[in-house]
Amino acid sequence: MLTRQPVVVVEPSHPIFSAKNENAIETNVEELSQITVVALKDRLRQLNLPLGGKKVDLVKRLLDYADQQIQPDTFEPNQEDAASPSEKNEYDDNTIHNLTVPALKERLRELGLSVGGRKCDLIERLLAYENAHTVDDDLLHLDLSNDDEDNANDAAKSESSTRRAKRKKFWKTQEVRELIKTNDKRAIGRAEEMITQLERMAAEEGDEEYLPGPIQYTTLIEAYSRGGTIDAPQRAEKVINRLLSANTNKSGTTPTTPMLNAIIGAYASMGTESSAEQATAILERMEYIKDFGDGTVKPSVHSFAIAINAWSNVGSETAAHNAEEILKRLLEDHRCALEQNAEYAKDLKPNNVVFNSVIDAWARSGSKAAGEKAEAILHRMEALAMNDIYDVRPDTITFNTCIKAWCNSGHPDAPLKAEGLLRKLETNPQYPKQRGGMLIVRPNRLSFNTVIDSWAKSMKPKSAVYAENLLIRMIKAYQSDPFSTVKPDVITFSSVLNALAKSKATGFKAEKCKSVLNSMKALYEQDGSSDTKPNVICYNTVLNACAFSALGGPDERRRALSVAVETFNELRSGKFGLSPDAVSYGNMLKCCANLMPPGSYRTKMASQLFTSCCNDGLVGGMCLDEIRRGVSPSDFLHLLAKCGYSKPLNQGRKAHSVQLSHLPREFTKNVKAGDLKDRQRDSFAPKKSKDTGRGLKQKEQPVLRRPGLLIEQSWMSGKDV
């Protein structure tokens, strides 16, 4: 005799559980998760329950209360019970179509289904599963006889216990996943604790529903993978070996594709050639199981993407070739799957993620052929997109990665090639969509920043001009469209300033750098965005450009010194919450040494700067080096004594013998660790003795110079440049 599914009846005594009450409690985890915190607290307040805790705690409190109110009872048919399975199904057609892509993928992962494809593919896959697991309509219209009432009550108790077990597993898993998403170091410990607790609860309750399943073991492996520990892959493989062992596997869970993908990800995160080889070996093992095993484990396009990323993280030309070979295998496997198994072909359908990963592998390789290889892959993606293979169409990331490949290649024409791709991106290329229409690809801030940085590092004569022109194009594009994606930021301005400061062919570069800095300040005052707020590095770059203007004529040196004084005073005024650092003082002292002729004025200005630097505790290696250039050795020793360090003067020591480590702690207390280095020039350092080859060292005779000749006159020779 066929029996219908037992029904759990909710105790209707409390008004909050009334069917007519709009605030009736949902006993489903997903439904409660969609409710806002304010609404959850309102329901808890009506039930006289505590209101404290996070949203997860509030939902759990409502679910626990609902479980206490649920009691098994005999079935009494009514209109609600006679509803069709599609109406009682939590994920009906309307609900599924309203879900977002992340929600659809999360549900598919819980069901152990593939998450590849577009939204329509995800919906179709989920509907097919729900239809296959929906209770037959005939079973719901059968009445229970009196003899079956006890069976119904027992089944109701069992269902209530099953639901409780699933909820506990769900919330424990969600807790661990939240830690994994935030890269919390506690994720591994909580994941291991979750597995142990679920196994203990299964033993205590005598219910196998509490045993961890594929989702829980996959979460554990993901915790290992994201933990960043050296032994993460080995610990993840131990989990797989445990599942393969009949003695330790109590839940009957078998390894799945997501588990093996997580192990590949663990190896990929290590970034070594051996770990990439291990990741590839696991991918090959999955292909072997697919072809010659039981077929329960099949590599998906995500598996290939992670393996490609493993080689991309290695950063070598050989690794880039291996990444491209894996892409070729994916395309071949997909072609074979289309001929043999159309359903599996959907899981292997290539997308622009795998192509972008291969381009990124070339961008990180440092090979001179990287730009050409990356652009060839881009052209292949464009050809495939025009042939109705929509998922591989290029996007902004594709173009940006190709630009990066050219910039990192070391090719003589790399900046020109990169800017050529940028100009193509500025034309907004279009590619067909699957459901009609065109996908418009636009440049973003990173597109411009990468090319500007390439020009800044280039040795071409007009590189600074090209970088400045790109900045002007960005500012014009942003001012014409406030919602533009090419708004310049502090990195953009810093790269242009760096290009101008390093340029040897740019005249009056100090004033040009000051003009760029003024544009940056105007843009920040216009919108108040933190992206365009000047920082101390921008000011230091302007000072550096002033210091290296010594090759210009007297007029250019005088104007550069004026810009340096104005910029440094603005930095000291505390504008934008900034203050000078050790590099700022070092650059300003360099300006004195390079732009001012020897004499009392230079000595006075350099002495005032160094005294202020000592008082601020910002004497770094650069400051100590430049003050020795700016004043005579005798004035340097007397200046140290005036600032509170008279030991070298009292002992009659030489100026070059004063080391940064000898200075009082008050002089260097605010200097960053990277600036606490002696940068003493060869002209001030004592000469080392030479080895004669006979085991004896020949001591060089000291070169006696007049004090005036110890001063490097960069304002005349331009030696610093």
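For the structure itself, look to the data block above.
Here the structure is a predicted model, which means the values were calculated and not measured.

Draft legend 1. Seen up close, unusual backbone geometry. Residues other than glycine seldom take positive phi values, yet Asn183 does so here, at roughly 55°. For Phe576, which is not glycine, the phi torsion reads 60° and is therefore positive. Structurally, Phe576 is set in the loop between α27 (554-572) and α28 (582-595).

Draft legend 2. Looking closely at the packing of aromatic side chains. Taken as a whole and judged by the stated rule, the model has 4 aromatic pairs. When the centroid spacing of 5.6 Å and the interplanar angle of 75° are considered together, the rings of Tyr524 and Phe576 count as edge-to-face. A residue pair is termed long-range when its members are at least 10 positions apart, and Tyr524 in helix α25 (residues 509-527) and Phe576 in the loop between α27 and α28 qualify at 52 residues. Geometrically, the ring pair formed by Phe568 and Tyr585 is edge-to-face, given 5.4 Å between the ring centres and 70° between the ring planes. Of this pair, Phe568 sits in helix α27 while Tyr585 sits in helix α28; the two residues are 17 residues apart in sequence, bridging distant segments of the chain. On the accessibility criterion, Tyr585 (0% relative accessible area) is buried. Just above the ring of Tyr344 sits the side chain of Lys298; from NZ or CZ to the centre is 5.1 Å.

Draft legend 3. Up close: the environment of Asn535. Along the chain, the position of Asn535 falls in the loop between α25 and α26 (536-547). The exposure class of Asn535 is partly exposed, given its relative accessible area of 24%. As for Asn535 and Leu571, which are separated by 36 residues in sequence, their C-alpha atoms are 9.6 Å apart. There is a polar contact of 3.0 Å between the side chain of Asn535 and the backbone nitrogen of Cys538.

Draft legend 4. View of the packing of helix α12 (residues 232-244) against helix α13 (residues 257-268). Between α12 and α13, the least distance of the axes is 9 Å, while the angle of their chain directions is 160°. Our classification of the angle between α12 and α13 gives roughly antiparallel. With respect to the hand of their crossing, α12 and α13 are arranged in left-handed fashion. Contacts between α12 and α13 pair Pro233, Gln234, Ala236, Glu237, Ile240 and Leu243 from the former with Met259, Leu260, Ile263, Ala266 and Tyr267 from the latter. Of the residues in the contact of α12 with α13, the class split is 9 nonpolar, 1 polar and 1 charged.

Rules and cut-offs
- Residues numbered from 1 in each chain as written.
- Predicted model: local features only at pLDDT ≥ 70, side-chain atom pairs only at ≥ 80, totals over all residues.
- Heavy atoms only, no water.
- Helix = DSSP H or I, 4+ residues; strand = E, 2+ residues; numbered from the N terminus.
- Phe/Tyr/Trp six-rings, centres within 6.5 Å; stacked < 30°, edge-to-face > 60°.
- Buried < 20%, exposed > 50% of the residue type's maximum accessible area, 1.4 Å probe, protein only.
- Lys NZ or Arg CZ within 6 Å of the ring centre and 35° of its normal.
- Polar contact = N/O pair within 3.5 Å; in protein donor to acceptor, adjacent residues only side chain to side chain.
- Axes fitted to C-alpha atoms, helices over the stretch in contact; angles between N-to-C directions.
- Parallel < 35°, antiparallel > 145°, perpendicular 65-115°, else oblique.
- Left-handed = near helix turned anticlockwise from the far one by under 90°.
- Contact = heavy atoms within 4.5 Å.
- Nonpolar A, V, L, I, M, F, W, Y, C, P; charged D, E, K, R; others polar.

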